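Now for the letters of each chain:
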Amino acid sequence: MERFTGLIGIVLILGIAFLFSNNKKKINLRLVLSGLFLQVSIAVLVLKVPVVNTFFQSLGKGMQKLESFAREGAAFVYNGIGTYDHTGKVVNYGTTPAFVFAFNITATIILVCIIVAILYHLRIMQTIVAVVARAMNFVMRVSGAEALSNVASAFVGQVEAQVMIRAYLPTMTKSELLASMSGSLACIAGGILIVYANMGARADYLIAASLMAAPGALVISKIVFPETEVSPTMGKVKMEVKSNYTNLIDAITHGAADGFKISMNVIAMLIGFIALIAMLNWMLGHVYTGLSLDVIFSKLFYPFAWAMGVPSEDITNAATLLGQKLTVNEFVAFKNLTSHNVAVVSPRGLTIITIAICGFANFSSVGMQIGGIGALAPERRTDLAKLAMKALLCGTLASYLSATIAGILV
């Protein structure tokens, strides 16, 4: 019965989007249905077709293998630092496969950023994005700019996805701009996806989440803000993004530098947010004994967790993770999920919550998005600020929709 509770979740999610729509009469039903069809198709292929599922699980294992390569670089830099191994014995980090979050995770991010920079320089990344975007444009009849942006978001970071449509940003309609922002918040960058896989999350679920989020974000955003203008890129997908790197060595060095910036930002966010949570929990505990942010989240997000089809034994903890992901960030939610600080034990619950929290939709990402896209198109900064909270809503609902569909299938 819990499997079909997800049908209530789909109605609830689409109903909330409809409630916040600024022009209910202009909603394109064909676009919505075709987008839902794409989401369901991706979920069926990844989760239910054995050959495809095996492929993505193998791909996930390959992605996790990158961590061992990244560790070679980290071991050289941090050789001589003592850390604990799995037995509790102090060992040399440089000679023993021990895990230190700040060392292992940041090394993986740097390596992945280098690989992405190489693929970008060789135009392989742009080719993959363009091919998938053409397919989605054909099925959903969305504009080229928003198709490119949403598909790119499944492979690269929030701002990097917008770089691929930089030439179109000044002339994009507000509906397109919201769709682009929503897609970037609903998806997860490839480099971060690999980090979550190395933290213990199932890679095939993460891949399904990011791929499903691309059409899902378009579905939700086009309900919330239907297109009423004429897009300059309607019906065509054309991407002319040349490499900014002089040569392969330049791409590698820039990739390493970008990876370092991202990894330091991740460390700073985790230290800051976890410390802030500890402080707030201390304050709440003095207001009422036993009160904490996790308790508040478990109550606020309980209806969503239930409607999405999470089994009864996991609803409270799943709701807590949904709250952590939205109000803090997805790193904290995944860390608590994979370390079992907030345990989700049922297979269906694990599938649903993994996909639901796999996205950038949180308050801090909204600020990063306004700043990043605003730098690419300063003339759209006012529009970005006005659409920011709508994008957060759309990105969150898109992830929930993907998770709900997956929960019905598993």
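Residues numbered from 1 in each chain as written. Predicted model: local features only at pLDDT ≥ 70, side-chain atom pairs only at ≥ 80, totals over all residues. Heavy atoms only, no water.

1. Considering the packing of aromatic side chains
Any aromatic ring pair is given by two values, namely how distant the centres are and how the planes are angled relative to each other.
Point 1. Under the defined criterion, the tally for this structure stands at seven aromatic pairs.
Point 2. Aromatic pair Tyr-93 and Phe-103: ring centres 5.3 Å apart, planes at 70°, arrangement edge-to-face. In this pair, Tyr-93 sits in the loop between β2 (90-92) and α4 (101-121) while Phe-103 sits in helix α4, placing the two residues 10 residues apart along the sequence. Phe-103 matches Tyr-93 in its accessibility class, with the two residues each being buried.
Point 3. Their ring planes at 75° and their centres at 6.4 Å tell us that Phe-297 and Phe-301 sit as a pair that is edge-to-face. Each of the two residues, Phe-297 as well as Phe-301, counts as buried. (Phe/Tyr/Trp six-rings, centres within 6.5 Å; stacked < 30°, edge-to-face > 60°. Helix = DSSP H or I, 4+ residues; strand = E, 2+ residues; numbered from the N terminus. Buried < 20%, exposed > 50% of the residue type's maximum accessible area, 1.4 Å probe, protein only.)

2. Thoughts on the confidence of the model for the protein chain
Point 1. With 96% of its residues at a pLDDT of 70 or more, the protein chain shows a mean pLDDT of 85.
Point 2. Across the protein chain, the secondary-structure element scoring lowest on mean pLDDT is helix α7 (residues 158-163), at 71, and the one scoring highest is helix α13 (residues 302-307), at 94. (pLDDT = per-residue confidence, 0-100.)

3. Some thoughts on the nonpolar core
Point 1. Tyr-196, Ile-220, Leu-322 and Phe-334 are the most contacted members of the largest nonpolar core, which has 125 residues in total.
Point 2. Residues in contact with Ile-220, not counting those within four places in the same chain, are Ile-13, Leu-14, Ala-17, Cys-394, Leu-397, Ala-398 and Leu-401.
Point 3. Residues Ala-70, Ala-74, Phe-103 and Ala-107 belong to the second largest nonpolar core, which totals five residues. (Core = buried A, V, L, I, M, F, W, Y, C linked by side-chain atoms within 4.5 Å. Contact = heavy atoms within 4.5 Å.)

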